[in-house]
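Read off the chains here:
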Amino acid sequence: MAASSLIVAPSILAADFAHLADEARAVEGAADWLHVDVMDNHFVPNLTIGLPVVESLRKATTLPFDCHLMIDAPDRWAVGYAEAGAYNVTFHAEAAEDPVGLAKNLRAAGSRAGLAIDRDTPVEPYLEMLPHFDTLLIMTIKAGFGGQSFMPELLDKVRTARRHIEAGELDLRVEVDGGISLDTIARAAEAGADTFVAGTAVYRSDNPAEVVRRMRQVAAGAAGLP
Ligand code: DX5
Ligand code: ZN
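Now for a quick tour of the structure. All values derive from a computational prediction rather than experimental measurement. (Residues numbered from 1 in each chain as written. Chains lettered and ligands numbered in written order. Predicted model: local features only at pLDDT ≥ 70, side-chain atom pairs only at ≥ 80, totals over all residues. Heavy atoms only, no water.)

## Concerning the coordination of the zinc ion (ligand 2)
Working step 1: Taken together, the protein ligands of the zinc ion (ligand 2) are His35 (NE2), Asp37 (OD), His68 (ND1) and Asp177 (OD), with distances of 2.1 to 2.2 Å.
Working step 2: For the zinc ion (ligand 2), the six donor atoms are set out with angles of 73 to 172° between them, so the coordination reads as octahedral.
Working step 3: As a motif over one chain, the donors of the zinc ion (ligand 2) read H-x1-D-x30-H-x108-D. Separated by 33 residues along the polypeptide, histidine 35 in strand E2 (residues 34-39) and histidine 68 in strand E3 (residues 65-70) bring together distant segments of the chain. For the pair shown, histidine 35 and histidine 68 are each scored as buried. (Donors = N, O, S within 2.8 Å, 3.2 Å for Na, K, Ca; no water. Tetrahedral: all angles 85-135°; square planar, octahedral: opposite > 155°, others 65-115°. Helix = DSSP H or I, 4+ residues; strand = E, 2+ residues; numbered from the N terminus. Buried < 20%, exposed > 50% of the residue type's maximum accessible area, 1.4 Å probe, protein only.)

Listed below in structure tokens is the structure:
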């Protein structure tokens, strides 16, 4: 694995919502994916954006979309994001009635399928499902708001997942989301994450693209990648 195999996905949750197209373009050429947090004021208390914004923003940037659905009833709604052209659609294990069935439907609709595990959810019950998924998102905060402090104890779930993936020679990414910054990304990479979401650290900086590049370098160094 080389540094280029690591993915950094800026989260537009911390961007200026009045200028989302400009904010997306500001990280083109540096970021690998654009992380789009969809919150419905039910699964989490916060409310953000939904399908119409995703559909419009898709046309404004070449970046692949990593849609993170923090919503109830993803079995009903998630496929719409795949049909809208999202590269990866991640839904929460806590909210889905049939995670494997939904993963199959997402893949059939042309996207990759992601499973998210919130702060208080153990990862072990979901390990056997991982062959049906392309990404496993381990929250490193409680889902719902940007700007929270990274919780290093949640990296135990990353280690558990990484061991299971290596033992089974599975092909999926381990993504971390919440409090990831230049100060915390090394610990996440050492634990076995290969995909890193960062909202505040990227978009509340003076040079978002440069922060993305530096985050990848730091993660690669921590993971021992060239
Ligand atoms: C929160 C979202 C995150 C959020 C991370 O529930 O899933 O993607 O944007 O923001 P930071 O990087 O500020 O913790
Ligand atoms: Zn997210």
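## Quick word on helix H8 (residues 208-223)
Working step 1: Between its first and last C-alpha atoms H8 spans 23 Å; for 16 residues at 1.5 Å apiece the expected length is 22 Å, and the two agree.
Working step 2: Every buried residue of H8 is accounted for by Pro208, Ala209, Val211, Val212, Met215, Arg216, Ala219 and Ala220.
Working step 3: The inward-facing, buried residues of H8 contact strand E1 (7-10), helix H6 (185-191), strand E8 (195-198) and helix H7 (200-203).
Working step 4: Two residues or fewer past H8, glycine 224 is found with a positive phi of approximately 70°. (Expected span 1.5 Å × (residues − 1). Contact = heavy atoms within 4.5 Å.)

## Some thoughts on the site of ligand 1
Working step 1: Taken together, 21 residues form the shell around ligand 1, and within it Ser11, Asp177, Gly179, Gly199 and Thr200 come nearest.
Working step 2: Taking glycine 199, its main chain carries an N or O atom lying 2.8 Å from an oxygen atom of ligand 1.
Working step 3: Protein contact buries 99% of the 380 Å² of open area that ligand 1 shows by itself.
Working step 4: At the level of elements, E2, E3 and E8 are the ones that each hand at least two residues to the shell around ligand 1.
Working step 5: When residues of the shell around ligand 1 are assigned to their parent elements, the largest contribution, three residues, is made by E2. (Near = heavy atom within 4 Å. Polar contact = N/O pair within 3.5 Å; in protein donor to acceptor, adjacent residues only side chain to side chain. Areas by Shrake-Rupley, 256 points an atom, 1.4 Å probe, with all protein chains shown as cover.)

## Concerning helix H4 (residues 99-108)
Along an α-helix, residues three or four positions apart point the same way, because every turn accommodates 3.6 residues.
Working step 1: Of all the positions in H4, only Pro99, Val100, Gly101, Leu102, Ala103 and Leu106 are classed as buried.
Working step 2: Looking at the buried residues of H4, the elements they touch are helix H3 (74-83), strand E4 (88-92) and strand E5 (112-117).
Working step 3: Just past H4, the residue glycine 110 takes up positive phi, approximately 105°.

## A few points about the packing of aromatic side chains
Working step 1: Within the structure shown, the criterion is met by two aromatic pairs.
Working step 2: With a centroid separation of 5.7 Å and 55° between ring planes, the pair formed by tryptophan 33 and tyrosine 87 is classed as tilted. In this pair, tryptophan 33 is assigned in the loop between helix H1 (20-25) and E2 and tyrosine 87 in the loop between H3 and E4, connecting sequence segments 54 residues apart.
Working step 3: Taking the relative accessible area as the measure of exposure, tyrosine 87 reaches 31% and is therefore partly exposed.
Working step 4: Ring geometry for phenylalanine 91 versus phenylalanine 133: centroids 5.8 Å apart, planes at 55°, classification tilted. One end of the pair, phenylalanine 91, is in strand E4; the other, phenylalanine 133, is in the loop between E5 and strand E6 (135-139), and 42 residues separate them in sequence.
Working step 5: Residue phenylalanine 133 is classed as buried on the basis of its relative accessible area, which comes to 1%.
Working step 6: Between the NZ or CZ atom of arginine 58 and the centre of the ring of phenylalanine 65, over which it lies, the distance is 5.3 Å.
Working step 7: Looking at arginine 76, its charged tip hangs above the ring of tryptophan 77, at a distance of 3.9 Å from the centre. (Phe/Tyr/Trp six-rings, centres within 6.5 Å; stacked < 30°, edge-to-face > 60°. Lys NZ or Arg CZ within 6 Å of the ring centre and 35° of its normal.)

Interpretation in functional terms is not warranted from these geometric data alone.
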